[in-house]
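Overview (structure and organization)
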Protein chains: 2
Amino acid sequence: MPNSADERFLEKAIHLAERHSRDGIHGPFGAVVTRGNVIVGEGWNSVVASSDPTAHAEIGAIRDACRNLGTHNLAECTLYSSCEPCPMCLAAIYWARIERIVFACNAADAARAGFDDAEIYQEIEKKWSLRKIASRQLNRESGLRVFETWIQNPRKVEY
Amino acid sequence: MPNSADERFLEKAIHLAERHSRDGIHGPFGAVVTRGNVIVGEGWNSVVASSDPTAHAEIGAIRDACRNLGTHNLAECTLYSSCEPCPMCLAAIYWARIERIVFACNAADAARAGFDDAEIYQEIEKKWSLRKIASRQLNRESGLRVFETWIQNPRKVEY
């Protein structure tokens, strides 16, 4: 029996993973976002079901929470995930300013179930020119003009 | 004048960044996804405009391309971005199986415009217990049962 708030919310995330993945089309991952001990967002993996490689459980829960709260800033929120976040979701958690993460399974457990993100973690640490995905930098001056215009824009909303 | 296909598609991504960020609400980032020298997806930063911290240009372009092509797999696609991808977008590019990346500005250029992802790159490299965001692992056994059920599920669609 879950006996702390952390355990209770984490079991909710695990339950979302279990319930949605029964069909074999939604991956076995669930997540919830809480603020002040209230669930404000829920998500589950729907990469295959919605043809969206970014539709991980944590991304879904963050987007749902932001929609419900009307903000892109989830400071003071906790994210509960049935599994340790992949690099994409982890970076999204930082961008969302989430305060705390609670998770159940770890990355090795996910790898054994067929979801391996170890290579992505390794690739991210490399300089772009050394990564497996061929990368090329071009037209930097043209891109810099957009940043320069942004810096000078008195209407810009910074975040 | 852009004179190669790479330059032409990259200028399109830069143009999306420029056009959408004029209002000061959309961040100065744009991206396109191509397959076989045809644009199949477009995106621009709408973090503030749509209250979504995951709404980076590359994520938008990947989701748009997947919607248009009806798949979560963008093998044989190239992503053009007005700026070097942040860790969230880079990981999304790997999950999407994109083949090649072409970008204009680098991360330091983005940082000077107020968009700094250096700390996120540093955090991702650390073990979870050493990161700045407080993290906690709980109820692993409960989470493992969902993976076990998934592994045994004859209907599961792997990706």
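Everything in this summary refers to the structure shown in the same document. (Residues numbered from 1 in each chain as written. Chains lettered and ligands numbered in written order. Predicted model: local features only at pLDDT ≥ 70, side-chain atom pairs only at ≥ 80, totals over all residues. Heavy atoms only, no water.)

1. Observations regarding the relation of the copies chain A and chain B
Overlaying chain A on chain B yields an RMSD of 0.0 Å, the required transformation being a rotation through 180° with an accompanying axial translation of 0.0 Å. Both copies are brought into coincidence by an operation consistent with a two-fold rotation axis. Measuring from the rotation axis to each C-alpha of chain A, the shortest distance belongs to Met88 of chain A, at 2.1 Å. A high fraction, 99%, of the interface residues of chain A reappear at the interface in chain B, so the copies pair face to face through one surface. (Least-squares fit on C-alpha atoms with pLDDT ≥ 70 in both. Contact = heavy atoms within 4.5 Å.)

2. Brief notes about the sheet that holds strand 4 (residues 100–105) of chain A
In spatial order, the strands read 2(A)-1(A)-3(A)-4(A)-5(B); together these 5 strands make up an open sheet with mixed pairing. Here the strands that pair on one side only, and so sit at the sheet edges, are strand 2 (38–44) of chain A together with strand 5 (134–137) of chain B. Across the sheet, the mean angle separating the axes of adjacent strands is 20° when strand polarity is ignored. Bridge count for strand 3 (residues 77–83) of chain A against strand 4 of chain A is 5 bridges, and the pairing is parallel. Residue pairing for strand 4 of chain A: Ser81 of chain A is matched across the bridge by Phe103 of chain A. Along the sheet, helix 1 (residues 5–21) of chain A contacts strand 1 (30–35), strand 2, strand 3 and strand 4 of chain A together with strand 5 of chain B; its crossing angle with strand 1 of chain A, the most-contacted strand, is approximately 145°. (Pairing = 2+ DSSP bridges. Helix = DSSP H or I, 4+ residues; strand = E, 2+ residues; numbered from the N terminus. Axes fitted to C-alpha atoms, helices over the stretch in contact; angles between N-to-C directions.)

3. Regarding the interface of chain A and chain B
It is common to report an interface's size as the accessible area lost on association of the parts. Taken residue by residue, the interface counts 88 residues in chain A and 87 residues in chain B. At the junction of chain A and chain B, the tally comes to 6 salt bridges. Residues Asp109 of chain B and Arg140 of chain A are paired through a salt bridge, measuring 2.7 Å at the closest nitrogen-oxygen approach. At the boundary of chain A with chain B, the tally comes to 30 residue pairs in polar contact (both at pLDDT 80 or more). For the side of chain A that touches chain B, the elements supplying multiple residues, two or more each, are helix 1, helix 2 (57–69), helix 3 (87–95), strand 4, helix 4 (107–112), helix 5 (118–124), strand 5 (134–137) and helix 6 (140–152) of chain A. (Salt bridge = Lys/Arg side-chain N within 4 Å of Asp/Glu carboxyl O. Polar contact = N/O pair within 3.5 Å; in protein donor to acceptor, adjacent residues only side chain to side chain.)

4. A closer look at the environment of Ser142 of chain A
Tracing the backbone shows Ser142 of chain A in helix 6. Overall, Ser142 of chain A belongs to the buried group, its relative accessible area being 12%. Not counting chain neighbours up to four residues away, the residues in contact with Ser142 of chain A comprise Glu11 and Ile14 of chain B. (Buried < 20%, exposed > 50% of the residue type's maximum accessible area, 1.4 Å probe, protein only.)

5. Overview of the nonpolar core
If you look at the biggest cluster of nonpolar residues, it comprises 76 residues, and the most contacted ones within it are Ile62, Leu74 and Met88 of chain A together with Ile62, Leu74 and Met88 of chain B. Excluding residues within four positions of it along the chain, Ile62 of chain A makes contact with Val33, Leu74, Leu79, Ala92, Ile93, Ala96 and Ile98 of chain A together with Pro53 and Thr54 of chain B. (Core = buried A, V, L, I, M, F, W, Y, C linked by side-chain atoms within 4.5 Å.)

6. Let's talk about the sheet that holds strand 4 (residues 100–105) of chain B
Across the sheet, which stays open at both edges, the 5 strands sit in the order 5(A)-4(B)-3(B)-1(B)-2(B) with mixed pairing between neighbours. With partners counted over all chains shown, the strands left at the sheet margins are strand 5 of chain A together with strand 2 (38–44) of chain B, one partner each. Mean inter-strand twist for the sheet, computed between neighbouring axes without regard to direction, equals 20°. On top of the sheet, helix 1 (residues 5–21) of chain B reaches strand 5 of chain A together with strand 1 (30–35), strand 2, strand 3 (77–83) and strand 4 of chain B; it is set at about 145° to strand 1 of chain B, its chief contact.

7. Thoughts on the packing of helix 2 of chain A against helix 3 of chain A
Residue and element names in this part refer to chain A. Running from amino to carboxyl end, helix 2 crosses helix 3 at an angle of 25°, the nearest separation of the two axes being 8 Å. Considered as vectors, helix 2 and helix 3 are oriented roughly parallel to each other. Both helix 2 and helix 3 take part in a crossing whose hand is left-handed. Mapping the contact onto sequence places Glu58, Ile59 and Ile62 in helix 2 and Met88, Cys89, Ala92 and Ile93 in helix 3. Across the contact of helix 2 with helix 3, the residue classes break down as 6 nonpolar, no polar and 1 charged. (Parallel < 35°, antiparallel > 145°, perpendicular 65-115°, else oblique. Left-handed = near helix turned anticlockwise from the far one by under 90°. Nonpolar A, V, L, I, M, F, W, Y, C, P; charged D, E, K, R; others polar.)

8. Re the pattern of salt bridges
For the structure shown, the criterion picks out 20 salt bridges over all chains. Arg136 of chain A is the partner of Asp6 of chain B in a salt bridge, and the nearest nitrogen-oxygen pair spans 2.6 Å. In this pair, Asp6 of chain B sits in helix 1 while Arg136 of chain A sits in strand 5, so the two residues belong to two different chains. Assessed through its relative accessible area of 8%, Asp6 of chain B is described here as buried.

9. A short note on the side chain of Asn153 of chain A
Mapped onto the elements of the fold, Asn153 of chain A is located in the segment after helix 6. Looking at Asn153 of chain A, the relative accessible area reads 11%, which means it is buried. Within the structure, Asn153 of chain A has its side chain in polar contact with the backbone nitrogen of Arg155 of chain A (distance 2.8 Å). At 3.1 Å, the side chain of Asn153 of chain A forms a polar contact with the backbone oxygen of Arg22 of chain B. If near-sequence neighbours (up to four positions away) are discounted, Asn153 of chain A is found in contact with Ser21, Arg22 and Gly24 of chain B.

10. A short note on the packing of aromatic side chains
In total, this model carries 12 aromatic pairs over all chains according to the counting rule given. Seen in terms of ring centroids, Phe115 of chain A and Tyr159 of chain B are 5.6 Å apart; in terms of plane orientation they differ by 70°. Their pairing is edge-to-face. Here the residue Phe115 of chain A occupies a position in the loop between helix 4 and helix 5, and Tyr159 of chain B occupies one in the segment after helix 6 (140–152), the pair thus bridging two chains. A residue is classified by how much of its surface remains accessible, and Phe115 of chain A, at 10% relative accessible area, is buried. Assessed through its relative accessible area of 25%, Tyr159 of chain B is described here as partly exposed. Ring centres of Trp150 of chain A and Phe115 of chain B lie 5.9 Å apart, and the angle between their planes is 50°; this geometry places the pair in the tilted category. Of this pair, Trp150 of chain A sits in helix 6 while Phe115 of chain B sits in the loop between helix 4 (107–112) and helix 5 (118–125), each in a different chain. For Trp150 of chain A, a relative accessible area of 2% gives the class buried. Members of the aromatic cluster, each reached through a chain of ring pairs, are Phe29 and Phe115 of chain A together with Phe147, Trp150 and Tyr159 of chain B. The residue whose ring lies beneath Arg8 of chain A is Phe9 of chain A, and the NZ or CZ to ring-centre distance is 5.3 Å. (Phe/Tyr/Trp six-rings, centres within 6.5 Å; stacked < 30°, edge-to-face > 60°. Lys NZ or Arg CZ within 6 Å of the ring centre and 35° of its normal.)

Read these as geometric descriptors, not functional statements.
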